[in-house]
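Fold and geometry: a report
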Amino acid sequence: MSETPRALIVYESMFGNTEKVAAAIRDGLSTIIDTDLVRVDRMPGRIPTDARLLVVGGPTHAFSMSRPSTRTDAGKQGDVTMPVDTGIREWLGSLPVRTTKTISATFDTRITKVRRLPGSAAKSAAKILHRRDFRAMVPPASFFVDDTTGPIDDRELERARRWGEELGQELRSVLGTISRASRRSA
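These notes cover the structure that comes with them.

Some words on the pattern of salt bridges
- Taken as a whole, this structure holds 13 salt bridges when the rule is applied.
- For Arg155, the salt bridge goes to Asp153, with nearest N and O atoms at 2.9 Å.
- Relative accessible area serves as the criterion here: at 65%, Arg155 is assigned to the exposed category.
- With a shortest N-O distance of 2.4 Å, Arg161 and Glu158 are connected by a salt bridge. One end of the pair is Arg161 and the other is Glu158, both in helix α5 (residues 154-175) and three residues apart, which spans about a single turn.
- A residue is classified by how much of its surface remains accessible, and Arg161, at 25% relative accessible area, is partly exposed.
- Classification of Glu158 as partly exposed rests on a relative accessible area of 30%.

Considerations on the packing of aromatic side chains
- Applying the stated criterion across every chain yields a total of three aromatic pairs.
- Residues Phe107 and Phe143 carry aromatic rings whose centres are separated by 6.3 Å and whose planes lie at 70° to one another, so their mutual orientation is edge-to-face. Taken together, the residues Phe107 in strand β4 (residues 103-111) and Phe143 in strand β5 (residues 141-145) connect sequence positions 36 residues apart.
- Taking relative accessible area as the criterion, Phe107 reaches 1% and is therefore assigned buried.
- Where Phe143 meets Trp163, the ring centres are 5.9 Å apart and the plane angle is 70°; that geometry is what we call edge-to-face. Taken together, the positions of Phe143 in strand β5 and Trp163 in helix α5 put the pair 20 residues apart, joining distant regions of the chain.
- Here Phe143 falls in the buried class, since its relative accessible area comes to 1%.

Remarks on the sheet that holds strand β1 (residues 6-11)
- Strand order in the open sheet formed by five strands is β2-β1-β3-β4-β5, and the pairing between neighbours is parallel. Single-partner strands in this sheet number two, and they are β2 (35-39) and β5. Each adjacent strand pair in this sheet contributes to an overall mean axis angle of 20°, direction not counted.
- The pairing of β1 with strand β3 (residues 51-59) spans six bridges and is parallel. Of the residues in β3, the one forming a bridge with Leu8 is Leu54.
- Here helix α4 (residues 121-131) sits on the sheet and contacts β3, β4 and β5; the angle it forms with β4, its principal contact strand, is near 155°.
- Across the sheet, α5 lies against β3, β4 and β5, angled at about 165° from β5, the strand it touches most.

So, how was this worked out
Residues numbered from 1 in each chain as written. Predicted model: local features only at pLDDT ≥ 70, side-chain atom pairs only at ≥ 80, totals over all residues. Heavy atoms only, no water. Salt bridge = Lys/Arg side-chain N within 4 Å of Asp/Glu carboxyl O. Buried < 20%, exposed > 50% of the residue type's maximum accessible area, 1.4 Å probe, protein only. Helix = DSSP H or I, 4+ residues; strand = E, 2+ residues; numbered from the N terminus. Phe/Tyr/Trp six-rings, centres within 6.5 Å; stacked < 30°, edge-to-face > 60°. Pairing = 2+ DSSP bridges. Axes fitted to C-alpha atoms, helices over the stretch in contact; angles between N-to-C directions. Contact = heavy atoms within 4.5 Å.

Printed below as a string of structure tokens:
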């Protein structure tokens, strides 16, 4: 009996904005394929064998993925929604080279007023995944928050949901037709 393919979104969120984006992406992606959403500090160090798409997202801190020092600094700016000791940088760094058929996509959040600055958590995450032999299905995406602690505009969340739908459509073309009926009958 073959496994039912699914998508997995692993995210880091200091103030809840990246979590909202991840949930919106899940909402869009789940119209095509069953999708799990897991906070990075609760994610084991391996990718489940039935995960055909791994989506990784986090906030851009100092032009890249967060570090323990930038997460600690974030904690000084307001209440954080997750422990500061583990982020996507550490989790991705602990992943072994890909041993499954999983492909990847990455996203980040960044502050609107510095949207044109170089550096991106999504691009940095994509580089690590590439070194671990994960093929990127689409280019990295960025979503924008009004300030460090938020808020995030509903239009950005809608854009994230649409991006999730587009990921699902692209995944469908990569994997062949995924029908809900065939997934439910398994």
